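One letter stands for each residue in the lines below.
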Amino acid sequence: MDAFTGYYNHEHRHSGIGLHTPASVHFGTAEEVRNQRAVALAQAYERHPERFARRPRPPEIPSQAWINDPAKRREPEPHGS
């Protein structure tokens, strides 16, 4: 389980949090990583614009991310007897 948790938190990039790792978002490095990605994407576009349909941008970092969004949660219906 330790190997999975380490991978999941520090290596796997999640689409729901702007392709960052949970650790990056938790420890506050996601914005710095996003800025570095923006520079790399801009350089790639400047070198080879023909490879892109439009100027690439890194995904936005959401202000909130949920596994189970409480706003979308439905209360269970009462069971009749």
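What counts and how
Residues numbered from 1 in each chain as written. Predicted model: local features only at pLDDT ≥ 70, side-chain atom pairs only at ≥ 80, totals over all residues. Heavy atoms only, no water. Helix = DSSP H or I, 4+ residues; strand = E, 2+ residues; numbered from the N terminus. Rg over C-alpha atoms; globule rule 2.2 N^0.38 Å. Buried < 20%, exposed > 50% of the residue type's maximum accessible area, 1.4 Å probe, protein only. Areas by Shrake-Rupley, 256 points an atom, 1.4 Å probe, with all protein chains shown as cover. Lys, Arg positive; Asp, Glu negative; His and termini not counted. Charge placed at Lys NZ, Arg CZ, Asp CG, Glu CD. Polar contact = N/O pair within 3.5 Å; in protein donor to acceptor, adjacent residues only side chain to side chain. Contact = heavy atoms within 4.5 Å. Salt bridge = Lys/Arg side-chain N within 4 Å of Asp/Glu carboxyl O. Patch = residues over 30% accessible without salt bridge, like charges linked within 9 Å, V, L, I, M, F, W, Y side chains within 5 Å. pLDDT = per-residue confidence, 0-100.

### Notes on the overall build of the chain
Looking only at helices and strands, the chain features three helices and zero strands. Going from N to C terminus, the chain has its helices and strands arranged as α-α-α. In summary, the chain has a C-alpha radius of gyration of 19 Å against a globular reference of 12 Å for 81 residues, an excess of more than 25%. By its C-alpha atoms, the chain is 70 × 35 × 20 Å across when sized along the principal axes. The proportion of buried residues among the 81 residues of the chain is 14%. Of the roughly 7,200 Å² of accessible surface on the chain, a fraction of 52% belongs to carbon and sulfur atoms. Computed over 11 positive and 10 negative side-chain charges, the separation of the two mean positions in the chain equals 7 Å.

### Notes on the side chain of Arg-34
Relative to the helices and strands, Arg-34 resides in helix α3 (residues 30-47). Within polar-contact distance, the side chain of Arg-34 engages the backbone oxygen of Pro-58 at 3.1 Å. Discounting chain neighbours no more than four positions away, the residues touching Arg-34 are His-20, Pro-58, Pro-59, Glu-60 and Ile-61.

### Section: the pattern of salt bridges
Tallied over the full model, the rule gives two salt bridges. We note a salt bridge from Glu-60 to Arg-34, for which the minimum N-O separation is 2.9 Å. On the criterion of sequence distance, the pair formed by Glu-60 in the segment after α3 and Arg-34 in helix α3 is long-range, its members being 26 residues apart.

### Quick look at a nonpolar patch on the surface
A cluster of nonpolar side chains, contributed by Met-1, Phe-4, Tyr-7 and Tyr-8, occupies part of the molecular surface with about 480 Å² of accessible area. With respect to the secondary-structure elements, Tyr-7 resides in helix α1 (residues 2-10).

### Regarding the confidence of the model for the chain
Mean pLDDT over the chain: 91, with 98% of residues reaching 70 or higher. Looking over the chain, one finds the lowest element-wise mean pLDDT in helix α2 (residues 22-26), namely 93, and the highest in α3, namely 97.

### So, unusual backbone geometry
The phi dihedral of Leu-19 falls on the positive side, at around 60°, and the residue is not glycine. Counting through the fold element by element, Leu-19 comes out in the loop between α1 and α2. A relative accessible area of 38% places Leu-19 in the partly exposed class.

### Let's talk about the side chain of Thr-21
Topologically, Thr-21 is positioned in the loop between α1 and α2. Judged by its relative accessible area of 7%, Thr-21 is buried. Polar side-chain contacts of Thr-21 include one of 3.0 Å to the backbone nitrogen of Ser-24. Excluding residues within four positions of it along the chain, Thr-21 makes contact with Asn-9, His-10, Glu-11, His-12 and Arg-13.

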